[in-house]
Amino acid sequence: MALDSSLSPPAGDDFVSEGDTLAREVARRRTFAIISHPDAGKTTLTEKLLLYAGAIELAGAVRGRKTQRHAVSDWMEMEQQRGISISAAALEFEMQGHHVTLLDTPGHQDFSEDTYRTLLAVDSVVMVLDAAKGIEPQTRKLFDVCRARGLPVLTFINKLDQPALDPFELLDQIERVLGIAAAPMNWPLGDGSHFAGVYDLEADAVLLYERGARGQRTEPVSVSDPRDASLGRLIGERRQQALIEAVEVISGAGTRFDMEAYRQETQTPVFFGSALNDFGVEPFLRAVLALAPSPPARKSDSGLVLPTDPDFSGFVFKMQANMNPRHRDRVAFLRICSGRLSKDMAVINERLGTTVRLSRVYRFFGRDRETVPQAYPGDVVGLVNPGRLAIGDTLYSGRPVRYPPIPQFPAERFAYLRPADVRHKRFDEAVRQLEEEGLMQVFVPQSGVRHPIIGVVGPLQFDVVEARLRSEYGITCVVDTLPHVAARWPVPTPGSAKPLTLTTSGALLAKDGRERDVVVFESPWELRYVTEANPHIQFYDTM
Ligand SMILES: Nc1nc2c(ncn2[C@@H]2O[C@H](COP(=O)(O)OP(=O)(O)OP(=O)(O)O)[C@@H](O)[C@H]2O)c(=O)[nH]1
Ligand SMILES: [Mg+2]
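1. Some thoughts on the site of ligand 1
In the vicinity of ligand 1 there are 23 residues, among which Gly-41, Thr-43, Ser-85, Gly-107 and Leu-276 approach most closely. In terms of residue count, the dominant contributor to the shell around ligand 1 is helix α2 (residues 42–52) (three residues). Of the residues that constitute the shell around ligand 1, the class distribution is seven nonpolar, eleven polar and five charged.

2. What to know about the pairing of strand β24 (residues 413–419)
The pairing of β24 with strand β26 (residues 453–456) spans four bridges and is classified as antiparallel. Bridging from a neighbouring strand, Arg-413 pairs with Val-456 of β26.

3. Here we look at the sheet that holds strand β7 (residues 186–189)
Taken in spatial order, the four strands line up as β7-β8-β9-β10 in an open sheet, and their pairing is antiparallel. The open sheet has two edge strands with one neighbour each: β7 and β10 (221–222). Pairing analysis gives four bridges linking strand β8 (residues 197–200) to strand β9 (residues 205–208), with the strands arranged antiparallel. Note on β9: the bridge partner recorded for Asp-200 is Ala-205.

4. So, helix α11 (residues 424–436)
In this model, α11 (13 residues) spans 18 Å end to end at C-alpha, consistent with the 18 Å of a helix rising 1.5 Å per residue. Those residues of α11 that sit buried are Phe-427, Ala-430, Val-431, Gln-433 and Leu-434. All buried residues of α11 lie within an arc of 160° about the axis, which places them on one face of the element. Opposite the buried face of α11, by more than 90 degrees, sit the exposed residues His-424, Lys-425 and Glu-429. Against β14 (313–321), β15 (330–338), β24, β25 (441–445) and α12 (460–473) lie the buried residues of α11. At the C-terminal side of α11, Gly-438 shows a positive phi close to 85°.

5. Remarks on the sheet that holds strand β28 (residues 486–492)
The eight strands lie next to each other as β27-β24-β26-β25-β29-β30-β28-β31, forming an open sheet whose pairing is antiparallel. A single partner strand is all that each edge strand has here, and the edge strands are β27 (477–482) and β31 (537–540). Shown here is a sheet whose adjacent strand axes are inclined to one another by a mean of 40°, direction ignored. Judged from the three bridges that link them, β25 and β26 form a sheet pairing that is antiparallel. When the bridges of β26 are listed, Val-442 appears paired with Ile-454. Its contacts with the sheet place α12 against β24, β26 and β27, and it is angled at close to 165° to β27. Where helix α13 (residues 524–533) meets the sheet, it contacts β28, β29 (507–511), β30 (517–521) and β31, and its direction lies at approximately 135° from that of β30.

6. As for the domain arrangement of the protein
Note: interface size is frequently given as the accessible area lost on complex formation between the parts. On domain assignment, one finds that the protein holds domain 1 (28–193 + 256–291), domain 2 (297–396) and domain 3 (413–540). Distance from the C-alpha centre of domain 1 to the C-alpha centre of domain 3: 36 Å. Listed as interface residues are eight residues of domain 1 and, on the opposing side, nine residues of domain 3. Of all the elements in the fold, those that place two or more residues in the side of domain 1 that touches domain 3 are α3 (77–82) and α4 (112–120). Partitioned by chemical class, the residues of the side of domain 1 that touches domain 3 number two nonpolar, three polar and three charged.

Reading the values: rules and limits
- Residues numbered from 1 in each chain as written.
- Chains lettered and ligands numbered in written order.
- Predicted model: local features only at pLDDT ≥ 70, side-chain atom pairs only at ≥ 80, totals over all residues.
- Near = placed C-beta within 6 Å.
- Helix = DSSP H or I, 4+ residues; strand = E, 2+ residues; numbered from the N terminus.
- Nonpolar A, V, L, I, M, F, W, Y, C, P; charged D, E, K, R; others polar.
- Pairing = 2+ DSSP bridges.
- Expected span 1.5 Å × (residues − 1).
- Buried ≥ 20, exposed ≤ 12 C-beta atoms within 10 Å, placed from the backbone.
- Arc of directions from axis to C-beta.
- Contact = placed C-beta atoms within 7 Å.
- Axes fitted to C-alpha atoms, helices over the stretch in contact; angles between N-to-C directions.
- Domains from an automatic or database assignment.

So, in structure tokens, the structure goes:
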């Protein structure tokens, strides 16, 4: 049944059952992102979660030898070569009656715009910490974004197989640095070469870590409490004594898990484990399914939109070209917020006021895709070759709705992009597509050298632009970095007809992709000088 409001809803039982289906599908959905500082183990954890969910049969490695499988979420050539994540990847799977959408994000700050966009599309977050490092700068920044967006956070403290900070110190860092209570759900028994496993504080059971047993699943052993004599036999008396003392401290002064507090983002439940060794991942996944929220109501220009609202709505949070090397197409990733999306449905693009027919709707699994006949709130679907869709666009049917715009980060690094040969038409198209993805901003100088200037947030993005032009479009380019520091869009204040005057050679006039004027500044000094010399003009850092 189409959810177009121009059709009157079917009467009686049919309508009730449609609403019931929607409510049931919403309730079983879990949509979350994995975030952290680079290298904490997000992609490795993602891979192991997929393994437990039965979504893959063999875990790949983040940086494998040629013969090894790569992680599903690091599908881009440069991700596999460098062993880092560059672009957020969506993975969808079913587990224990739940429909899970997991987004593995890049940790590196040069790619943080992509991560921030992804955080708009999820309902909760898994924060991964490296047990040896605790809270690192990028984790802290991303956590602040989660807090601002009201996203509940579950914490996985990873790499217990290596020497780690004291678990109390780790909890203390979470509380002190992030300002959120940390409730341990399990407790590590030693670390590094002495790591023996974790004690489940809720269930009073011990999960033993068996070295060399990677991939083999051990079952937890139930005990009556930490003083149980059988526990001493399993983990040794010294470790048991340490555990007894830790549990005393936790029950005295520690934070106990509280569902309300977690959902209100005043507490994060904390789990210890080792993703690489497949240890503690299964109980963690169970906890994610049990604790993480299903899609909540979302803010829009016309108030809160309930996921169970029968009118379909959603927004585009990511664009990606060339995911499929055989087809070379463009995919718009849409987060569904309300109602049911069904194949061939006609929806409205709020920004353009045009109708879009959703004839090809895909579910993604890293680079792989399959068509889906329908999708529900919480789902992330890919629309292939979606015409004029752009990041931030709202799609709806029925009652008009607009979701908040997706902020663009001001570019901080600039470079000329020069094609090494002269296939200009293809070059222009490739540059336009990468700009559309939000990988870079493009400014065409109005005088002098006519090569496009590209603006990015962090320098690693230059490498990505260069590598993707080569591998995805077959275009060799030279990136000539520029000293410039900022781009600003000049907009005359209302009523002023005075033109913009650029008296310094360090301020370059250019046009952006939509033919709007933009000025690129060589130094903070020039930026200040030009701003002060043009008081009748407002300079915007994003448009
Ligand atoms: N010893 C040990 N190493 C681990 C563990 N988990 C991950 N690693 C290693 O840590 C490195 C980084 O892991 P990734 O999963 O790529 O980390 P990431 O957080 O996805 O990194 P970015 O996406 O680049 O931000 C890899 O070499 C992993 O093999 C673990 O439990 N123990
Ligand atoms: Mg990664």
